[in-house]
Amino acid sequence: MMKLYESLAEKITLQINSGYFQPGDKLPSIRHMSKTHQVSISTVQEAYRLLEDNKIAEVRIKSGYYVMSSKAAEPKLPRISRPDPTPVNVSKWETIVDLLYNHEDQHTLALGKGTPNVSGATIQPLLKLISRLSRNAQINQLTYDSLQGAETLRRQITNMMLNSGCHLHYDDIVTTTGCQEALSCSMRAITEANDVIAIESPSFYGSMQIIQALKLKALEIPTHPKTGISIEALEMALEQWPIKVLQITPTCNNPLGYVMPEENKQRLITLANRHDFAIIEDDIYGDLAYAHPRPRSVKSYDTQGRVLFCSSFSKTVSPAFRTGWCAPGRYIEQFKHMKYVSTACGSVLQPRAIAEFVAQGYYDRHIKTMRAQYLRNRDRMIDLVTRYFPSSIRMTYPQGGYLLWIVLPDTIDTTLLNLRLADYSFSIAAGTLFTASEKFKHCLRINYAQAMTCEIEKAIATIGNVIQRMLDESNHVT
Ligand SMILES: Cc1ncc(COP(=O)(O)O)c(C=O)c1O
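Calculation criteria
Residues numbered from 1 in each chain as written. Predicted model: local features only at pLDDT ≥ 70, side-chain atom pairs only at ≥ 80, totals over all residues. Heavy atoms only, no water. Near = heavy atom within 4 Å. Polar contact = N/O pair within 3.5 Å; in protein donor to acceptor, adjacent residues only side chain to side chain. Areas by Shrake-Rupley, 256 points an atom, 1.4 Å probe, with all protein chains shown as cover. Helix = DSSP H or I, 4+ residues; strand = E, 2+ residues; numbered from the N terminus. Nonpolar A, V, L, I, M, F, W, Y, C, P; charged D, E, K, R; others polar. Buried < 20%, exposed > 50% of the residue type's maximum accessible area, 1.4 Å probe, protein only. Pairing = 2+ DSSP bridges. Right-handed = clockwise from strand over helix to strand, strands pointing away. Core = buried A, V, L, I, M, F, W, Y, C linked by side-chain atoms within 4.5 Å. Contact = heavy atoms within 4.5 Å. Axes fitted to C-alpha atoms, helices over the stretch in contact; angles between N-to-C directions. Salt bridge = Lys/Arg side-chain N within 4 Å of Asp/Glu carboxyl O. Patch = residues over 30% accessible without salt bridge, like charges linked within 9 Å, V, L, I, M, F, W, Y side chains within 5 Å. Phe/Tyr/Trp six-rings, centres within 6.5 Å; stacked < 30°, edge-to-face > 60°. Lys NZ or Arg CZ within 6 Å of the ring centre and 35° of its normal.

Trainee: Tell me what's going on with the site of the ligand, and back it up with residues and numbers.
Mentor: If you check the shell around the ligand, you find 13 residues, and the closest are Cys179, Asp282, Ser312, Ser314 and Lys315. A distance of 2.9 Å separates an oxygen atom of the ligand from a polar backbone atom of Gln180. In the environment of the ligand, an oxygen atom lies 2.8 Å from a nitrogen or oxygen atom belonging to the side chain of Asn254. Within the complex, 91% of the 400 Å² of free accessible area of the ligand lies under protein. Ranked by residues supplied to the shell around the ligand, first place goes to helix H7 (residues 178-190) with four residues. Here the residues of the shell around the ligand sort into five nonpolar, five polar and three charged.

Trainee: Can you break down the pairing of strand E6 (residues 217-224) residue by residue, with the values?
Mentor: Across the eight residues of E6, six count as buried, placing the element largely inside the fold. In this sheet, E6 lies alongside strand E5 (residues 196-201) in parallel orientation, the contact comprising six bridges. Each bridged residue has a counterpart across the sheet, and for Ile197 the counterpart in E6 is Ala218. For the segment spanning E5, helix H8 (residues 205-213) and E6, crossover handedness is right-handed. Examined bridge by bridge, E6 and strand E7 (residues 228-229) share two bridges and lie antiparallel to one another. Bridge pairing links Thr223 to Ile229 in E7. Counting the residues in the hairpin turn of E6 and E7 gives three residues.

Trainee: A description of the nonpolar core should follow, citing residues and the corresponding values.
Mentor: Of all hydrophobic cores here, the largest spans 108 residues; its most connected members are Val385, Ile406 and Ile446. With nine residues, helix H13 (residues 362-388) is the single largest residue contributor to this core. By size, the runner-up hydrophobic cluster in this structure holds 23 residues, among which are Ala198, Ile221, Ile231 and Leu246.

Trainee: Help me get a handle on the sheet that holds strand E13 (residues 403-407), residues and values and all.
Mentor: Taken in spatial order, the four strands line up as E12-E13-E16-E15 in an open sheet, and their pairing is antiparallel. At either margin of the open sheet sits one strand with a lone partner, and together these are strand E12 (394-395) and strand E15 (429-430). Of the strand pairs in this sheet, E12 and E13 are connected by two bridges, and their pairing is antiparallel. Following the sheet pairing, Arg394 is matched in E13 by Val407. Lying on the sheet, H13 is in contact with E12, E13 and strand E16 (443-447); it crosses E13 at an angle near 20°.

Trainee: So what's going on with the pattern of salt bridges? Residues and values would help.
Mentor: According to the stated counting rule, one finds 19 salt bridges in the structure shown. A salt bridge links Arg380 to Glu457; its shortest N-O distance comes to 3.5 Å. In this pair, Arg380 is assigned in helix H13 and Glu457 in helix H15 (residues 454-477), connecting sequence segments 77 residues apart. The exposure class assigned to Arg380 is buried, which follows from its relative accessible area of 9%. What emerges from the salt-bridge pattern is a single network uniting Asp283, Asp287 and Arg294.

Trainee: If you had to explain a nonpolar patch on the surface to someone new, which residues and values would you point to?
Mentor: Nonpolar side chains collect at one region of the surface, where Leu147, Tyr340 and Val341 lie side by side and expose about 290 Å² of accessible area between them. Along the polypeptide, Val341 turns up in helix H11 (residues 332-342).

Trainee: Provide a residue-level description of the packing of aromatic side chains, including the pertinent values.
Mentor: When we look at a pair of aromatic rings, we describe it by the centre distance and by the angle of the planes. Under the defined criterion, the tally for this structure stands at ten aromatic pairs. With 5.1 Å between their ring centres and 45° between their planes, Phe204 and Tyr205 make a pair best called tilted. Both residues of the pair, Phe204 and Tyr205, belong to the buried class. On the numbers, 5.7 Å between centres and 85° between planes, the contact of Phe313 with Tyr363 is edge-to-face. Remark: Tyr363 occurs in helix H13 and Phe313 occurs in the loop between strand E10 (307-312) and strand E11 (323-327); sequence separation between them is 50 residues. The pair formed by Phe313 and Tyr363 is uniform in burial state, with each residue classed as buried. Three or more aromatic residues link up through ring pairs in this structure, and these residues are Phe204, Tyr205, Trp405, Phe434 and Phe440. Stacked on the ring of Tyr301, the Lys or Arg Arg296 has its end atom at 4.0 Å from the ring centre. The side chain of Arg378 reaches across the aromatic face of Tyr397, ending 4.1 Å from its centre.

Trainee: Requested: an account of the environment of Ser203, with residues and values cited.
Mentor: Along the chain, the position of Ser203 falls in the loop between E5 and H8. Distance from Ser203 to Ala459, taken between C-alpha atoms, is 26 Å for residues 256 residues apart in sequence. Setting aside its immediate chain neighbours within four residues, Ser203 contacts Met208, Asn254, Pro255 and Phe434.

Trainee: If you had to explain the sheet that holds strand E4 (residues 174-177) to someone new, which residues and values would you point to?
Mentor: With mixed pairing, eight strands are arranged side by side in an open sheet as E4-E11-E10-E9-E8-E5-E6-E7. Since the sheet does not close on itself, it has two edges, and those belong to E4 and E7, each with one partner. Where strand E8 (residues 243-248) meets strand E9 (residues 278-282), four bridges bridge the pair, whose relative direction is parallel. Bridge assignment links Val245 to a residue of E9, and that residue is Ala278. Here H11 sits on the sheet and contacts E4, E10 and E11; the angle it forms with E4, its principal contact strand, is near 30°.

And the structure:
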C-alpha cells in the first residue's frame, strides 16, 4: 500500500503534469501544504524529498521547493545516417516477430516496445464512456459501420487536425484499424510491385514490412537526428531514381524523436510538386510534441492533395482501441477501395467512445498531462543513460513522444546484447530492425513512457553494465 507521503507526492506530481504548477514555479510552503492536505509537517517534508529524488522538484536554499525547470542538456547526438544509395528489398520479419511477440512473459521489462503509459487518471473517462456506450447500445447499432467510418469521430478528427494546420472537411477523412492499416492502405492505393519508395534511415519497421509485403523497393535517405530526412540527399536521389512515394514520420519521429523544421516541410511539398511524387506522412506521435502549440504537419502545406496523412490514437491514448485514420487527399477513392479490401469497416462502438472523449475535452487534458510527463521522463532517462552507459555513446534529444535512440561503440551488436539481457528479463529494440540494409547493428531504441521508478533505474544500470562487459570482451579479443 502507498504511504501517506507517497500519495501526497503523487498528487503534487499530477498537479504538475496537468500544468497547475509550471516548471520553475515555487511549490507551496511545507506549513501551507500540511494545513491544506491535513498531514503532518514531516509527511510533507518526505513528499518533497521524494519529488526531489525523482527530479520533479528542486530545493533552493532559504527559499523552498520549486518545480524542476532545468532540462537535461542536449547530449552528444548521433551523426547523420549514411545508408546505401540504392533501392533494396526489405526482409527481417522474423526479427520483428521476436521483438514484438516472443518476449511476452509478464516479468520482462520490455523497454524496446513503443507502447504509451496507459496507467494515468486522464484515460479513465474513456473507459467510462465505453461502458456507458455499451450499456446503451441499440440493437440497430450491431451492424457494419460505413466504409468511411463514424461521422462523429471524423468530425472530431478534423477539429484535432486544425492544431497541425490542416483545414479539412470530415468527408476528407477515412477511419482505419490503427495507423498500421492507414499506412498499408495508403501504400497499396498508390503503388505497384517494384515501385521505389523513399524512406527515412532509420525508419519504423512496421511500415517497412508493408513495403516488403507489396514487393516495393525501399530507398533509405540520409537522415539527421535533429532535422530529419536530408532534403539535399532526397533531391539527388530524385535525379537518379524513379521515386514514386516518400514515406516519412516528420513530427516526433520513431525512432529518432526529431521534429522536422517547418521550412523543410515546405521544401518537401515544393519537391513533391516539382517531381510529381506522393507523400505518406505518419503523424502518430505528432500530438505528443513537447512544444506547444504542436508543430505543423507536411500535409498543412499541401495544396495539390499529394499527402496521405496517417495517424491513430495508439500512441496518444492507447493501442488497444485500434482506432486510426487517414486523410488521403486526391487518392481518397483508391484508399477507400483498399480499406474495403482490408477490413471493409472497423468496429462500431469504440470509435464513437473516442469521439466523445475528444468532444468533451478529455483528449486535450490527457495530452497536456502526458506531454509534460514524457518531457520529464526524457530528461530523467537521458540522465540515467549518461550516468550508467559508457561515455563514448551518442543519443538523440527527442522533441516529442517517448523513444530514445542510442548509438553504442560499433563493436557492440545490440541483437546479441538483447540475448544477454534476456537473462535479466529486460529487452530493448535492436537497431537493425529499423533499416532495410545491415546498418544500425550497434544502435538501440528504448522507451521512456512509463513512470521513472527505481526498477527502471536498475534496468538502465544493468544494461550499462552488460554493455561495458561486452566492450571489455571485444577489447580483450582485439
Ligand atoms: C511510427 C509508427 N507508425 C505506425 C504505427 C502503427 O500504429 P497502430 O498501432 O495505430 O497501428 C506505429 C506503432 O508502433 C509507429 O510507431
